[in-house]
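An overview of the molecular structure
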Amino acid sequence: MANPVVHFEVVGKDAAALQKFYGEAFDWEISEQMPGSPMSYAMARPRTEDGIDGGIGGGTDATNGHVTFYIAVDDLDAALSKIQSLGGKTVMPPDKVPDGPTIALFSDPEGHVIGLVLPDGE
């Protein structure tokens, strides 16, 4: 499948409570919080070949929280350009995550925020 969903994140007010909830509700392995993360962000792994890994965190700007999924693309700029031509908007231009991949965020024509990611952190 071209451009698969490869990552998800759940962000809310109380990172520890969300991590405990999802870990226990679905038997996901929740890693220790990522060092230096202002969102108390931890990786969530479903422990199955069929699932995708994600992240769960919280922070002061997460008043309402959000759920985002990330789609793998070969070229972030080209994908954002195509998205804009179809009525979407760039929310966050390409940005390299420390020790991680390069990501970007866009909103669809109805305002839903979706992530893009380069495969293998290119």
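Use the structure listed above.
No experiment lies behind these values; they were computed from the predicted model shown. (Residues numbered from 1 in each chain as written. Predicted model: local features only at pLDDT ≥ 70, side-chain atom pairs only at ≥ 80, totals over all residues. Heavy atoms only, no water.)

1. Remarks on the overall build of the chain
Rules: Helix and strand assignments come from DSSP, with helices taken as H or I runs of at least 4 residues and strands as E runs of at least 2, each series counted from the N terminus. Here the radius of gyration uses the C-alpha set of atoms, whereas the globule reference equals 2.2 Å times the residue count to the power 0.38. Relative accessibility decides the category of a residue: with a 1.4 Å probe and only protein chains considered, values under 20% of the type maximum give buried, values over 50% give exposed, and everything between is partly exposed. We call two residues in contact whenever any of their non-hydrogen atoms come within 4.5 Å of each other. Areas reported here follow the Shrake-Rupley algorithm with a probe of radius 1.4 Å; residue values treat only the protein chains shown as occluding. The charged-residue count follows a simple rule in which Lys and Arg add positive charge and Asp and Glu add negative charge, with His and chain termini not counted at all. In this description, the location of a charge corresponds to atom NZ of lysine, CZ of arginine, CG of aspartate or CD of glutamate.
When its secondary structure is counted, the chain shows 2 helices and 8 strands. Seen in sequence order, the chain has helices and strands lined up from the N terminus as β-α-β-β-β-β-α-β-β-β. Relative to the compact-globule value of 14 Å for 122 residues, the chain shows a C-alpha radius of gyration of 15 Å, a close match. C-alpha extents for the chain along the principal axes are approximately 40 × 35 × 25 Å. Put simply, the chain has 122 residues, and 37% of those count as buried. Counted over contacts in the chain with a minimum sequence separation of 6, partners at least 24 positions apart contribute 49%. Carbon and sulfur atoms make up 54% of the accessible area of the chain, which totals about 7700 Å². Separation of charge centres in the chain, based on 7 positive and 19 negative side chains, amounts to 5 Å.

2. Quick look at the nonpolar core
We count it as follows: Here, nonpolar core refers to any group of buried Ala, Val, Leu, Ile, Met, Phe, Trp, Tyr and Cys residues whose side-chain atoms link them within 4.5 Å.
Of all hydrophobic cores here, the largest spans 11 residues; its members are Ile71, Val73, Leu76, Ala79, Leu80, Ile83, Ala104, Phe106, Ile114, Leu116 and Leu118. Elements that contribute at least two residues to this core include exactly helix 2 (76–85), strand 7 (102–107) and strand 8 (113–117). In terms of residue count, the dominant contributor to this core is helix 2 (4 residues). If sequence neighbours within four positions are ignored, Ala104 has contacts with Leu76, Leu80, Met92, Pro93, Pro94, Ile114, Gly115 and Leu116. Listed in part, the 6 residues of the second largest apolar core include Phe8, Trp28, Ala44 and Ile56.

3. Concerning the pattern of salt bridges
Threshold: In the sections that follow, a salt bridge refers to a side-chain nitrogen of Lys or Arg positioned within 4 Å of a carboxyl oxygen of Asp or Glu.
Tallied over the entire structure, the rule returns 2 salt bridges. Linking Glu24 and Lys20 is a salt bridge whose minimum nitrogen-to-oxygen distance equals 2.9 Å. Taken as a pair, Glu24 and Lys20 lie in helix 1 (residues 15–26) at a separation of 4 residues, close to a single helical turn. The burial state of Glu24 is the same as that of Lys20; both residues are exposed. With a closest N to O distance of 3.7 Å, Asp53 and Arg45 form a salt bridge.

4. Regarding the sheet that holds strand 2 (residues 29–33)
Hydrogen bonding along the main chain pairs the strands of a sheet, whether they run parallel or antiparallel. In plain terms, the rule: For two strands to be treated as a pair, DSSP must find no fewer than two bridges joining them. Angles here are taken between N-to-C directions and fall from 0 to 180 degrees, while the axes themselves are lines fitted to C-alpha atoms, restricted in helices to the stretch in contact.
What the 8 strands build is an open sheet, ordered 2-3-4-1-5-8-7-6; its pairing is mixed. Only two strands of the sheet have a single partner each, and these edge strands are strand 2 and strand 6 (89–96). Taken pair by pair, the neighbouring strands of this sheet meet at an average axis angle of 20°, ignoring direction.

5. Some details on the pairing of strand 8
Of all 5 residues in strand 8, 4 are buried; the element is thus mostly enclosed. Pairing analysis gives 3 bridges linking strand 5 (residues 66–72) to strand 8, with the strands arranged parallel. In the strand pairing of strand 8, Ala72 is matched with Val117. Alignment of strand 7 against strand 8, held across 5 bridges, turns out to be antiparallel. Paired with Ile103 across the bridge in strand 8 is Val117.

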